[in-house]
Amino acid sequence: DDLSALLDYAPSRRSVVVSADGEEIGAFSFENRRMVPLERMPAHVPAAFIAAEDRRFFRHPGFDLVGILRAARSNFGSSDVKQGGSTITQQIIKQTILVDEEALPAGVLPPEQERELRRIKKYQRKMKELILAVRIERELTKPEILGVYLNHVYLGHGAYGVGAAADTYFGKDVENLTIAEAAMLAGLVASPSKYAPHRNFTDAKAR
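Residues numbered from 1 in each chain as written. Predicted model: local features only at pLDDT ≥ 70, side-chain atom pairs only at ≥ 80, totals over all residues. Heavy atoms only, no water.

### Description of the overall build of the protein
Okay, step 1: Helices and strands together make up the secondary structure of the protein, namely 9 helices and 4 strands.
Okay, step 2: Counting the 207 residues in the protein, one finds 37% classified as buried.
Okay, step 3: At a minimum sequence separation of 6, the contacts of the protein that also span at least 24 residues come to 60%. (Helix = DSSP H or I, 4+ residues; strand = E, 2+ residues; numbered from the N terminus. Buried < 20%, exposed > 50% of the residue type's maximum accessible area, 1.4 Å probe, protein only. Contact = heavy atoms within 4.5 Å.)

Right under this line is the structure:
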């Protein structure tokens, strides 16, 4: 019933400690995040994430039936999930409104019953995602949803959002990311621990 986690998006951010002369001397945070408005990002940054995660983002109503069917065909008969069908809208709902939806108390149920309950809760969460995705798309514009996503998504090594990730991996602001760097960050959504923190994209490609 409560969509405020997205409609009034206000995530926790890093607090910076500065000296009397304005030099940063330390920082503390629950999440390392640097909020960057979508309009300040180069066009190739959101474009990279849309290409990697949700190519029909601007055409679907919150869920992508084509993507769901494609993922189902790819995953059929496999014990592992090879391809996901979640849209950017669904992903951000899972990461905010439904973040604790599949949580279970540890050690309460026998392992077999716990696995079955987790499976049931996963399907329930997926259905809620579909419903909430449509509701959110009626309340927020596509750019607003994209802006929340790009500032919230976890990209590895404690970096939440593209602002923190640009600094963590390349030591620069989002505005200065190249097309190749934006593509690398977009690729981290599926595997956020793919690269170790560094300041050089050449090193990242070598790894």
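### What to know about the packing of helix α4 (residues 88–95) against helix α6 (residues 142–152)
Okay, step 1: Interhelical geometry of α4 versus α6 gives an angle of 55 degrees and a closest axis separation of 10 Å. In this view, α4 runs oblique relative to α6, as classed from their interaxial angle. In this structure, α4 meets α6 at a crossing whose hand is left-handed. For the pair α4 and α6, contact is made by I88, T89, Q91, I92 and Q95 and by I145, L146, V148, Y149 and H152, respectively.
Okay, step 2: Of the residues in the contact of α4 with α6, the class split is 6 nonpolar, 4 polar and no charged. (Axes fitted to C-alpha atoms, helices over the stretch in contact; angles between N-to-C directions. Parallel < 35°, antiparallel > 145°, perpendicular 65-115°, else oblique. Left-handed = near helix turned anticlockwise from the far one by under 90°. Nonpolar A, V, L, I, M, F, W, Y, C, P; charged D, E, K, R; others polar.)

### Topic: the packing of aromatic side chains
Okay, step 1: Overall, the coordinates contain 4 aromatic pairs when judged by the stated rule.
Okay, step 2: Aromatic pair F49 and Y149: ring centres 6.5 Å apart, planes at 80 degrees, arrangement edge-to-face. On the criterion of sequence distance, the pair formed by F49 in helix α2 (residues 44–53) and Y149 in helix α6 is long-range, its members being 100 residues apart.
Okay, step 3: Aromatic side chains F57 and F58 sit 4.9 Å apart centroid to centroid with 75 degrees between the ring planes, which places their arrangement in the edge-to-face category.
Okay, step 4: Classification of F57 by relative accessible area gives buried; the value is 0%.
Okay, step 5: According to the relative accessible area criterion, F58 is exposed, its value standing at 53%. (Phe/Tyr/Trp six-rings, centres within 6.5 Å; stacked < 30°, edge-to-face > 60°.)

### Points about the pattern of salt bridges
Side-chain pairs of opposite charge can arise where the charged atoms are in close proximity.
Okay, step 1: Summed over the entire model, instances satisfying the criterion amount to 9 salt bridges.
Okay, step 2: With its nearest N and O atoms 4.0 Å apart, the salt bridge here joins K126 to E129. With K126 and E129 both in helix α5 (residues 111–139) and 3 residues apart, the pair spans about one turn of that helix.
Okay, step 3: Residue E129 is classed as buried on the basis of its relative accessible area, which comes to 0%.
Okay, step 4: Here K172 ties to E181 by a salt bridge, and the two come within 3.1 Å at their closest N and O atoms.
Okay, step 5: By relative accessible area, which is 23% here, K172 ends up partly exposed. (Salt bridge = Lys/Arg side-chain N within 4 Å of Asp/Glu carboxyl O.)

### Description of unusual backbone geometry
Okay, step 1: Of note, H157 is a non-glycine position whose phi angle comes to about 55 degrees, a positive value.
Okay, step 2: Looking at where H157 falls in the secondary structure, it is placed in the loop between α6 and β4 (159–160).

### Quick look at the confidence of the model for the protein
Okay, step 1: Across the protein, the average pLDDT comes to 80, with 71% of residues at 70 or higher.
Okay, step 2: Overall, residues 79–83 carries pLDDT values under 50, and its contacts beyond four positions in sequence, including any with other chains, amount to 8 contacts.
Okay, step 3: This stretch, residues 198–207, has a pLDDT under 50; its non-local contacts, to residues over four places away or in other chains, come to 20 contacts. (pLDDT = per-residue confidence, 0-100.)

### Examining the nonpolar core
Okay, step 1: Among the nonpolar cores identified, the biggest contains 37 residues, and V45, F49, Y149, L155, V162, V174 and L185 are the most heavily contacted of them.
Okay, step 2: Breaking this core down by element, the ones donating at least two residues are α2, α4, α5, α6, α7 (161–170) and α8 (179–187).
Okay, step 3: Examining the composition of this core, we find that 6 residues originate from one element, α7, more than from any other. (Core = buried A, V, L, I, M, F, W, Y, C linked by side-chain atoms within 4.5 Å.)

### Here we look at the environment of P46
Okay, step 1: Position of P46 relative to the elements: it lies in helix α2.
Okay, step 2: Exposure remark for P46: the relative accessible area of 10% places this residue in the buried category.
Okay, step 3: Sequence spacing of P46 and L150 is 104 residues, and the spatial spacing of their C-alpha atoms is 7.5 Å.
Okay, step 4: The residues touching P46, leaving out its near neighbours within four places in the chain, are L38, M41, L146 and L150.

### What to know about the packing of α4 against α5
Packed helices, taken two at a time, are described by the angle their axes make and the gap between the axes.
Okay, step 1: Relative orientation of the contacting elements α4 and α5 amounts to 115 degrees, with a least axis distance of 9 Å. The pairing of α4 with α5 is recorded here as roughly perpendicular in orientation. Every pair of crossing elements has a handedness; the one defined by α4 and α5 is right-handed. Across the interface between the two elements, T89, Q90, I93 and K94 from α4 touch R125, E129, L130, L132, A133, I136 and E137 from α5.
Okay, step 2: The residue makeup of the contact of α4 with α5, split by class, is 5 nonpolar, 2 polar and 4 charged.

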